[in-house]
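Single-letter residue listing:
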Amino acid sequence: MIDLLRNLDRRWIFLAMLLAVSIPILAQQSFPERPTKTVLDVFNYIEGLPEGSNILLSFDFGPSSDGELEPIATAVVRHCCLKRHKMFFMTLYPDGVPLPERTIKSVIEQEFESYNFKYGEDYINLGFNNAEELVIIVMGTDIKKMFPTDIEKKPLDGFPIAENITSLEDMDLIFTITTGYPGMKEWVQYGSSPLGVKLAVGSTAVQAPEAYPYLPDQMLGLLAAIKGAAEYEAALADKYPAFRDPAKNQGIKRMAPQFWAHLLIIGLIVLGNVVYFADRFQGARR
Amino acid sequence: MLKSTFPWLIVAVTGCVMIAAFFVPPLAEWKNEAGAWFEILAAMAFVVGGANLFAQHLKKISARRAGWGYSAVTLFSFVVTLVVGLFKVGVIGEDPNYPWAGHYQAEGSALWWLYQFAYQPLIGTMFALLAFYVASAAFRAFRAKNTEATMLLTAAFIVLLGRTYAGTWLTSAVPDDYSALTFPGMTAIILGVFNTAGQRAIMIGIALGVAATSLKVLLGVDRSYLGSDGD
Amino acid sequence: MISVMAVVLCLLTLCTRPILAQDTAAAPTDAIAPPSKLIAKDHDNDAGTAIDLEWTLSPDDQPQRKPRVVVGYQVFRSLADGMERVSLESLTPGTVKFTDRSCKYGAAYLYEVVAVGSGNRDSEPARLAQPVRAVRQWFDASRVWFGVIVLIVCGCVIGFTEIVKAGRGTHVRAIAGLKAIEEAAGRATEMGRPCLFVPGLRDMNEISTVAGINVLSHVARIAAEYDATIEVPTCRSLVMTAARETVQAAYIAAGRPEAFNDDRISYITDEQFAYVAWMTGYMVREKPAACFYMGTFFAESLILAETGNSIGAIQIAGTSQAAQLPFFVAACDYTLIGEELFAASAYLSGEPQQLGSLKGQDAGKALAAALLIAGCLLATETSLLPKTTQFAQALDYLTNSILR
């Protein structure tokens with residue numbers, strides 16, 4: 001048995017992971033979630049803002065981490081719609097350009113169709129700028145310098161939503177959904193920290209530990225990957241019963257494969273250590 | 001001289017401008033200008049990169065080196081993406097008489113199609129490979145070889161359980177007053193206290209390393225990145 | 001006649017009634033009290049383009065009154081002569097401050113703040129008595145402590161560099177990962193396989209990429225001396241150009257300029273996972289004997305390191321991305337943790353002026369540690385002795401002035 005484990009072909013491990021992830025997806029399994037403090041801090045802040053507050057939503061990720069971050073985007077935009085906040089979408093990722101557009105379509109234009117949100121009055125898509133952290137630095141003094149037009153290249157000054165917007169300081173909250181560079185650190189260094197604007201972050205799981213040193217002063221709260229999205233969905237469902245339907249909550253649905261994947265990894269670590277201690281034991285006997 | 005001193009002078013002057021712009025408010029605009037210059041250079045470098053890509057793969061195809069078929073696929077994909085993006089193939093603007101006024105990634109356009117049905121699934125697949133590599137690394141590398149490694153493993157167990165419903169369920173009998181003893185509670189403490197302390201220490205070290213390296217670059221002490229160390 | 005008059009009266013009544021009703025609805029029941037005590041002053045530490053406004057709320061701005069009488073404030077600005085009056089900002093109820101950041105340097109402005117009520121009713125404006133002008137500051141006073149800390153750290157780096165140049169205190173602790181570079185290049189030569197050097201995902205404006213290229217310079221020189229092949233795929237064109245210059249210089253320094261082949265240093269793609277796909281494909285096909293990962297890495301770190309492990313390569317990694325360190329530590333033979341990447345070039349070169357910078361970094365760490373200890377002590381004292389205000393003041397100064 002130990003020999004079998006010692007010489008285990010890694011493809012068996014890959015197969016086990018495939019089954020651990022795919023079976024719960026096919027079985028549509030889900031588990032209950034309870035929001036933790038870092039998520040509730042963001043939820044309560046957005047909930048407490050007066051109607052019509054300005055929220056900048058920066059989709060700083062590409063399609064690679066879309067599976068992990070899209071549920072965060074959906075849950076937060078849903079909340080902003082419920083509170084009728086004004087939403088400014090943007091991205092710092094060249095391959096992330098279609099992603100805000102997709103969320104706008106699925107949430108604002110379809111799910112909240114009855115709210116009659118108007119483009120240019122209630123929300124706007126600023127599009128993409130390639131200047132990486134320089135975008136944030138310049139937006140600190142002049143948003144229109146970095147985004148003189150919206151994504152369709154129509155002048156920003158022509159939209160009522162942009163009339164009273166000069167710099168990032170006019171935002172009541174910056175929400176960055178981030179996977180790497182430019183993202184969380186750059187928004188802290190050049191956005192929230194020097195300007196004193198509130199910043200909330202939705203990040204990939206691997207990046208989440210890097211966010212903790214900034215909590216709670218430089219960063220209001222953190223939604224860490226699928227778990228963060230699921231907790232936000234749970235908070236939203238607690239407050240707004242219409243969102244209790246599990247079919248609407250992608251984060252909660254995606255926690256089931258994560259549950260089994262985590263258990264598999266624990267099992268693999270244990271098996272690996274069984275092999276290790278068996279080898280040590282045999283070595284000591286010799 | 002031209003190869004080492006002149007580039008270093010550009011580096012030094014730009015660095016000094018950035019430092020001055022940080023402390024002198026009327027010069028703050030210079031910081032933006034320097035950034036804009038970098039963007040222009042990086043955009044020009046795209047052309048250099050594209051040319052290099054072309055040259056490398058054409059060489060490989062013409063010499064029929066091993067794997068030349070992959071190079072052909074690469075060049076074909078490169079040219080197709082470039083052409084449909086530049087010429088906005090399939091873009092329908094608000095006014096059909098001026099289709100070029102539409103966005104290059106407008107829904108239904110050829111580039112949108114490539115993004116949606118080729119690029120996004122391919123990139124998502126590559127990222128998803130991580131799950132498999134994490135599993136194989138967990139089996140192969142996470143061994144309780146010594147006290148430190150054992151502590152690391154214990155923390156990993158707690159966080160892995162605490163970040164799923166398994167942790168909540170296993171410690172559901174713990175009263176709310178002792179929530180710090182539940183798996184989610186212990187996870188919060190590990191991430192919020194121990195992880196934060198470690199992260200901050202590493203961050204301070206890195207920040208000082210960046211400062212010292214920047215200073216060496218500004219003063220021209222270390223010019224190995226210019227390819228002219230002994231110049 | 002009477003009936004005609006009655007019809008006319010009825011018609012008049014019918015016509016006027018809604019008009020009267022509309023007037024009643026539109027007319028204010030009572031006027032909204034204006035905000036008061038509007039004051040304006042120059043915004044600190046800027047280029048003379050911002051003015052801070054502050055006022056006292058309208059007495060009708062009371063959150064407990066439902067429906068709210070005051071639904072917001074409107075700020076207006078005009079030149080000192082009253083020309084060019086513009087509406088600046090609509091603010092939420094309860095707001096008492098606003099910074100106008102769109103001023104022209106040197107221009108004198110007058111401001112008005114109006115309380116806005118429901119049904120487009122506006123209060124009388126609170127007016128500024130005297131025009132105000134934004135003033136330009138030539139030094140950002142809020143960053144003076146930051147400047148002091150930068151000067152201390154840089155001073156230490158320069159000072160220690162001079163000390164080490166003078167021949168004193170050159171001991172640097174051994175870094176296992178850097179000592180292994182020679183071994184890795186030797187192994188590649190013995191096995192007749194190439195070395196793979198990956199300079200990370202970021203461009204040359206990132207200092208960890210510069211640090212990675214500096215390490216490349218030393219790795220390439222060792223590879224040239226051992227006659228090993230070195231392959232450098234890059235994901236930024238500028239990095240490719242810099243890497244070519246660096247490797248060529250290393251080959252020249254090693255006395256083997258003819259062995260340099262610039263085709264081995266190529267641009268792959270800017271896209272993260274396409275770059276990873278190329279590298280993993282290369283690793284599986286060519287089976288490099290040694291893999292070096294030096295620079296900025298993200299999610300690809302584990303994919304690269306596990307693939308390298310599967311082909312049995314000796315692997316040395318270094319990154320400034322703390323989140324990726326656990327993956328490299330788990331899958332590579334040696335890992336340079338954080339600052340060790342920046343120390344690598346100095347360590348490998350052995351030049352006194354570079355080694356001195358490491359000592360300067362240590363002095364910076366000592367300063368950071370001293371500030372941390374002082375902050376912890378002050379915070380502890382403040383919580384234990386809440387009535388002693390000196391500790392609280394000192395803590396406030398440390399956190400909000402020195403470290404801000």
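Keep in mind that what you see is a predicted model, and the values were worked out from it rather than measured. (Residues numbered from 1 in each chain as written. Chains lettered and ligands numbered in written order. Predicted model: local features only at pLDDT ≥ 70, side-chain atom pairs only at ≥ 80, totals over all residues. Heavy atoms only, no water.)

### Some words on the interface of chain A and chain C
The line we're drawing: Here, residues are in contact when the closest pair of their heavy atoms is within 4.5 Å. Summed over both partners, buried area is the accessible surface (1.4 Å probe) that two parts give up on being assembled. The rule for a salt bridge is simple: a side-chain nitrogen of Lys or Arg has to be within 4 Å of a carboxyl oxygen of Asp or Glu.
The interface is formed by 15 residues belonging to chain A together with 21 residues belonging to chain C. Note on chain A versus chain C: buried area summed over both sides is about 1,400 Å², and carbon and sulfur give 43% of it. Inspection of the region where chain A meets chain C yields two salt bridges. Residue glutamate 169 of chain A pairs with arginine 101 of chain C through a salt bridge whose shortest N-O separation is 2.5 Å.

### Quick word on the side chain of serine 192 of chain A
Residues and elements named next belong to chain A. We apply this condition: Strands here are runs of E lasting at least two residues and helices are runs of H or I lasting at least four, both read from the DSSP assignment and numbered beginning at the N terminus. Only protein chains enter the area calculation, which uses a 1.4 Å probe; residues under 20% of their type maximum are buried, those over 50% are exposed, and those in between are partly exposed. Pairs of N or O atoms within 3.5 Å make up the polar contacts considered here, provided that, within protein, one atom can donate a hydrogen while the other can accept it, and that residues adjacent in sequence are counted only when both atoms are side-chain atoms.
If you trace the backbone, serine 192 turns up in helix α8 (residues 184-195). Among the residues examined, serine 192 registers a relative accessible area of 6% and is labelled buried. For serine 192, the side chain forms a polar contact with the main-chain oxygen of glutamine 218, separated by 2.9 Å. Those residues in contact with serine 192 that sit more than four places away from it in its chain are Trp187, Val197, Leu199 and Gln218.

### Comments concerning the packing of aromatic side chains
Going by this rule: In this scheme Phe, Tyr and Trp rings, the latter by its six-membered ring, pair at centre separations within 6.5 Å, and the angle between planes marks the pair as stacked below 30 degrees, edge-to-face above 60, and tilted otherwise. Placement of a positive charge over a ring is assigned whenever Lys NZ or Arg CZ falls within 6 Å of the ring centre and within 35 degrees of the normal to the ring plane.
Tallied over the full model, the rule gives 32 aromatic pairs over all chains. A ring pair is formed by phenylalanine 31 of chain A and tyrosine 165 of chain B, whose centres lie 5.4 Å apart and whose planes are at 15 degrees; its orientation type is stacked. Linking phenylalanine 31 of chain A in the loop between α2 (10-27) and α3 (37-48) with tyrosine 165 of chain B in helix α6 (residues 165-170), this pair reaches from one chain into another. Phenylalanine 31 of chain A gets classed as buried once you look at its relative accessible area, which sits at 14%. Overall, tyrosine 165 of chain B belongs to the partly exposed group, its relative accessible area being 24%. Between phenylalanine 23 of chain B and phenylalanine 146 of chain C, the ring centres sit 6.1 Å apart and the planes meet at 35 degrees, which makes this aromatic pair tilted. Residue phenylalanine 23 of chain B is found in helix α1 (residues 5-23), and its partner phenylalanine 146 of chain C is found in helix α2 (residues 144-165); the two belong to separate chains. Ring pairs connect the aromatic residues Phe31, Phe259 and Trp260 of chain A together with Tyr165 of chain B, which therefore count as one cluster. Directly above the ring of tryptophan 68 of chain B sits arginine 64 of chain B, whose terminal nitrogen or CZ lies 4.6 Å from the centroid. The ring centre of phenylalanine 22 of chain B lies 3.9 Å from the NZ or CZ of arginine 143 of chain C, which sits over that ring.

### Quick word on the state of the cysteines
The cut-off we apply is this: Working definition: a disulfide is two cysteine sulfur atoms within 2.5 Å of each other.
All chains considered together, the criterion is met by zero disulfides over all chains. No disulfide involves cysteine 16 of chain B; its sulfur sits 11 Å from the nearest other cysteine sulfur, which is in cysteine 154 of chain C. Residue cysteine 16 of chain B is classed as partly exposed on the basis of its relative accessible area of 46%. Counting only cysteine sulfurs, cysteine 291 of chain C is the nearest neighbor of cysteine 195 of chain C, a cysteine outside any disulfide, at a range of 8.7 Å. With a relative accessible area of 0%, cysteine 195 of chain C lands in the buried category.

### Looking at helix α10 (residues 352-384) of chain C
Note the cut-off: Multiplying 1.5 Å by the residue count of a helix minus one yields the expected span of that helix.
Here α10 of chain C spans 48 Å end to end across 33 residues, near enough to the 48 Å set by a 1.5 Å rise per residue. Of the positions making up α10 of chain C, those classed as buried are Gln354, Leu355, Gly356, Ser357, Leu358, Gly360, Gln361, Gly364, Ala368, Gly375, Leu378 and Thr382 of chain C. Buried residues belonging to α10 of chain C abut α7 (183-219) of chain B together with α2, α9 (339-349) and α11 (389-402) of chain C.

### Some details on the pairing of strand β5 (residues 199-203) of chain A
All names here are of chain A. The cut-off we apply is this: For two strands to count as paired, DSSP must find a minimum of two bridges between them. Crossover handedness is defined by viewing with both strands directed away from the observer: a clockwise path from the first strand over the helix to the second marks the crossover as right-handed.
Extensive coverage of β5 is indicated by the burial of five of its five residues. By the alternation rule, side chains of β5 split into Leu199, Val201 and Ser203 and Ala200 and Gly202, which are all buried. With five bridges joining them, strand β4 (residues 173-178) and β5 adopt parallel strand pairing. Paired with threonine 178 across the two strands is serine 203, which belongs to β5. Taken together, β4, α8 and β5 form a β-α-β motif whose crossover is right-handed. Here β5 runs beside strand β6 (residues 221-224); their pairing, made up of four bridges, is parallel. In the strand pairing of β6, valine 201 is matched with leucine 222.

### Observations regarding the interface of chain B and chain C
Basically, it comes down to this: Polar here means any residue outside two lists: the nonpolar Ala, Val, Leu, Ile, Met, Phe, Trp, Tyr, Cys and Pro, and the charged Asp, Glu, Lys and Arg; Gly therefore counts as polar.
If you look at the interface, chain B gives 53 residues, while chain C gives 67 residues. Roughly 5,100 Å² of surface becomes buried between chain B and chain C when both sides are summed, with 69% attributable to carbon and sulfur atoms. The tally of links from chain B across to chain C stands at two salt bridges. Here aspartate 263 of chain C and lysine 59 of chain B are joined by a salt bridge, their closest N and O atoms 2.9 Å apart. Across the chain B-chain C interface, the total number found is 10 residue pairs in polar contact (both at pLDDT 80 or more). Class assignment for the residues of the side of chain B that touches chain C results in 34 nonpolar, 13 polar and six charged.

### As for the packing of helix α2 (residues 28-62) of chain B against helix α5 (residues 237-253) of chain C
Keep this limit in mind: Between N-to-C directions, angles cover 0 to 180 degrees, with each direction set by a line fitted to C-alpha atoms, over the stretch in contact for helices. These descriptions rest on fixed angle ranges, namely under 35 degrees for roughly parallel, over 145 for roughly antiparallel, 65 to 115 for roughly perpendicular, and the rest for oblique.
Look at α2 of chain B against α5 of chain C: their axes get within 7 Å of each other, and the N-to-C directions meet at 75 degrees. With respect to α5 of chain C, the element α2 of chain B is oriented roughly perpendicular. Between α2 of chain B and α5 of chain C, the residues in contact are Phe38, Ala42, Ala45, Phe46, Val48, Gly49, Asn52 and Gln56 of chain B and Ser237, Leu238, Met240 and Arg244 of chain C, respectively. Counted by class, the contact of α2 of chain B with α5 of chain C contains seven nonpolar, four polar and one charged residues.

### Side note on the domain arrangement of chain A
We apply this condition: An automatic or database domain assignment is the source of the domain bounds shown.
Domains assigned within chain A are domain 1 (2-27 + 259-285) and domain 2 (37-127 + 134-248). The C-alpha-based centres of domain 1 of chain A and domain 2 of chain A are spaced at 39 Å.

### Some details on the pattern of salt bridges
Summed over the entire model, instances satisfying the criterion amount to 33 salt bridges over all chains. With a shortest N-O distance of 2.8 Å, aspartate 9 of chain A and arginine 11 of chain A are connected by a salt bridge. The class of arginine 11 of chain A is exposed, set by a relative accessible area of 60%. The residue glutamate 206 of chain C makes a salt bridge to arginine 202 of chain C at a minimum N-O spacing of 2.5 Å.

### Things to note about the domain arrangement of chain B
All names here are of chain B. Once the domains are mapped, chain B shows domain 1 (1-63) and domain 2 (142-226). Using C-alpha coordinates to define each centre, domain 1 is positioned 35 Å away from domain 2. At the interface, nine residues of domain 1 touch seven residues of domain 2. With both chains or domains summed, domain 1 and domain 2 bury close to 600 Å², and 68% of this area falls on carbon and sulfur atoms. Between the two partners, domain 1 and domain 2, sit zero salt bridges. Our count for the domain 1 to domain 2 interface comes out at two residue pairs in polar contact (both at pLDDT 80 or more). Of the residues belonging to the side of domain 1 that touches domain 2, the class tally is six nonpolar, three polar and no charged.

### Concerning the sheet that holds strand β5 (residues 97-100) of chain C
All names here are of chain C. Taken together, three strands build an open sheet; the order of strands is β1-β2-β5 and the sheet is antiparallel. This sheet does not close on itself; its edge strands, each paired only once, are β1 (36-42) and β5. Here the strands of the sheet are splayed against their neighbours by 20 degrees on average, with no regard to which way each runs. Where strand β2 (residues 51-56) meets β5, four bridges bridge the pair, whose relative direction is antiparallel. Bridge pairing in β5 places isoleucine 51 opposite aspartate 100.

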